[in-house]
Amino acid sequence: MANFKGHALPGSFFLLFGLWWSVKYPLQYLSQNANKKSHRTYCFQRVDAIEGGIKIIFAVIGMLAEQFVPDGPHMYLYSGENHDWVKLMNWQHTTMYLFFGLSGVVDVFTYISQVVPQGLDRLMLSVAVFVEGCLFYYHVLHRPMLDQHIHSLLLIAIFSGACSVMLEVFLRNNIVLEMFRAGVTIVQGTWFWQIGVVLFRPWGGPVWDEEDHSNIMFLTMCFFWHWAAAVAVLAINYTLAYWCIQRCRRGSGEPYINLGVRQQKGDMSSQAAFLNGSDEE
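Residues numbered from 1 in each chain as written. Predicted model: local features only at pLDDT ≥ 70, side-chain atom pairs only at ≥ 80, totals over all residues. Heavy atoms only, no water.

1. Here we look at the packing of helix H4 (residues 120-137) against helix H6 (residues 175-200)
Two numbers describe how H4 lies on H6: the axes approach to 14 Å, and their chain directions differ by 30°. Relative to H6, the element H4 is oriented roughly parallel. Considering how the two elements wind past one another, H4 and H6 form a crossing that is left-handed. Across the interface between the two elements, Arg 122, Leu 125, Glu 132 and Phe 136 of H4 pack against Glu 178, Arg 181, Gln 188 and Phe 192 of H6. (Axes fitted to C-alpha atoms, helices over the stretch in contact; angles between N-to-C directions. Helix = DSSP H or I, 4+ residues; strand = E, 2+ residues; numbered from the N terminus. Parallel < 35°, antiparallel > 145°, perpendicular 65-115°, else oblique. Left-handed = near helix turned anticlockwise from the far one by under 90°. Contact = heavy atoms within 4.5 Å.)

2. Re the confidence of the model for the chain
For the chain, the mean per-residue pLDDT works out to 86, and 85% of the residues sit at or above 70. Predicted confidence is poor over residues 270-275, with pLDDT under 50, and the contacts of this stretch with residues over four places away or in other chains come to zero contacts. (pLDDT = per-residue confidence, 0-100.)

3. Here we look at H6
Since the α-helix advances by 3.6 residues per turn, residues separated by three or four positions end up pointing in the same direction. If you check H6, its first and last C-alpha atoms are 38 Å apart, about what 26 residues at 1.5 Å a residue would give, namely 38 Å. Of all 26 residues that make up H6, 19 are buried, and the element is covered over most of its length. Its side-chain oxygen 3.0 Å from the backbone nitrogen of Val 176, Asn 174 forms the N-cap of H6. Two residues or fewer past H6, Arg 201 is found with a positive phi of approximately 45°. (Expected span 1.5 Å × (residues − 1). Buried < 20%, exposed > 50% of the residue type's maximum accessible area, 1.4 Å probe, protein only. Polar contact = N/O pair within 3.5 Å; in protein donor to acceptor, adjacent residues only side chain to side chain.)

4. A few points about the pattern of salt bridges
Across all of its chains, the model carries eight salt bridges by this definition. Among the ionic pairs, Asp 121 bridges to Arg 172, the shortest N-O distance being 2.9 Å. In this pair, Asp 121 sits in helix H4 while Arg 172 sits in the loop between helix H5 (145-170) and H6, placing the two residues 51 residues apart along the sequence. Classification of Asp 121 as buried rests on a relative accessible area of 6%. When its relative accessible area of 26% is taken as the criterion, Arg 172 is described as partly exposed. Linking Asp 147 and Arg 143 is a salt bridge whose minimum nitrogen-to-oxygen distance equals 2.8 Å. We classify Asp 147 as buried; its relative accessible area is 6%. (Salt bridge = Lys/Arg side-chain N within 4 Å of Asp/Glu carboxyl O.)

5. Topic: the packing of aromatic side chains
By convention here, two paired aromatic rings are described through the distance between centres and the angle between planes. One pass over the structure, following the stated rule, counts 17 aromatic pairs. Arranged with centres 5.8 Å apart and planes meeting at 0°, the rings of Phe 14 and Phe 192 form a pair that is stacked. Linking Phe 14 in helix H1 (residues 4-34) with Phe 192 in helix H6, this pair joins segments that are 178 residues apart in sequence. The exposure class of Phe 14 is buried, given its relative accessible area of 10%. Owing to a relative accessible area of 1%, Phe 192 belongs among the buried residues under this scheme. Plain terms: the ring middles of Trp 208 and Phe 218 are 6.2 Å apart, the flat faces sit at 35° to each other, and that makes the pair tilted. You can see Trp 208 sitting in the loop between H6 and helix H7 (213-252) and its partner Phe 218 sitting in helix H7, a full 10 residues away along the chain. Accessibility expressed as a relative area gives 32% for Phe 218, which makes it partly exposed. Sitting above the plane of the Trp 21 ring, Arg 181 keeps its charged end 4.5 Å from the centroid. (Phe/Tyr/Trp six-rings, centres within 6.5 Å; stacked < 30°, edge-to-face > 60°. Lys NZ or Arg CZ within 6 Å of the ring centre and 35° of its normal.)

6. Considerations on the nonpolar core
Counting 41 residues, the largest nonpolar core has Phe 100, Trp 191 and Phe 223 as the members making the most contacts within it. Every element with two or more residues in this core is listed here: H1, helix H3 (88-112), H4, H5, H6 and H7. Of the residues forming this core, the biggest block, 10 residues, is contributed by H6. The contact partners of Phe 223, leaving out residues within four places of it in the chain, are Leu 153, Ile 156, Ala 157, Val 187 and Trp 191. (Core = buried A, V, L, I, M, F, W, Y, C linked by side-chain atoms within 4.5 Å.)

7. Comments concerning the state of the cysteines
On inspection of all chains with the given rule, the structure shows zero disulfides. Between Cys 244, a cysteine without a disulfide, and Cys 248, which holds the nearest cysteine sulfur, the sulfur-to-sulfur distance is 4.3 Å. (Disulfide = S-S within 2.5 Å.)

8. Side note on the environment of Lys 87
Relative to the helices and strands, Lys 87 resides in the loop between strand S2 (84-85) and H3. Measuring from C-alpha to C-alpha, the distance between Lys 87 and Pro 73 comes to 5.6 Å, with 14 residues separating the pair along the chain. The residues contacting Lys 87, other than those within four sequence positions of it, are Asp 71, Gly 72 and Pro 73.

The following block contains the structure:
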């Protein structure tokens, strides 16, 4: 949809997933860091399957919205009467949602079947993000300069995310890569909203001059403000997850994450005392 809603809808999906990942992966990493229990691993795998199902639902909602809005193509790709393509912009968005839906299907099958190779879920997600980037690269050719630039900034986050997820195929459960993916997904979500606000002005206001270079400079700076905000969100959620895990361990009597270091120091001091005693004898 070439309007504000067409950018707000995928922006909301990406923002929700990014925020969820920024909470999920710190909890998963910190809870397994000190006490590796099989039932916790199973719970997180179950969450991955639920996450895949939600991804499928979001993808279906997006495809239906692109196809069956009043001015949508309604599943018509080519008009025989006019000898022309029908609403290719909607079809491109539909294709993007399709690949994210396929990624959700692979997530679910990875959980319910042992036949699916490990890492295929990350590979399919990387392909989906890469397809998104390719579609948007050719989405704005021959458009005004401001339109092209604001979408090209989005491509930075998209292809960064695609490369990061591809690395996760080989470096499974790497907290740095997982948090980076959460961050660039948050940036994608907020920047989709920014594109909608700049190009379509849903709340009114002056029209952006699409040929003014000052606007290009401001939006470039604004994009990295979005990135800084995403980093702040990651830091806050990681800290909250750490406090939550520590608080739960205090209540259940489980050892702290840094207990091994404390025990090691205690053992060294006890050994020193024993040796001193031996020397005195």
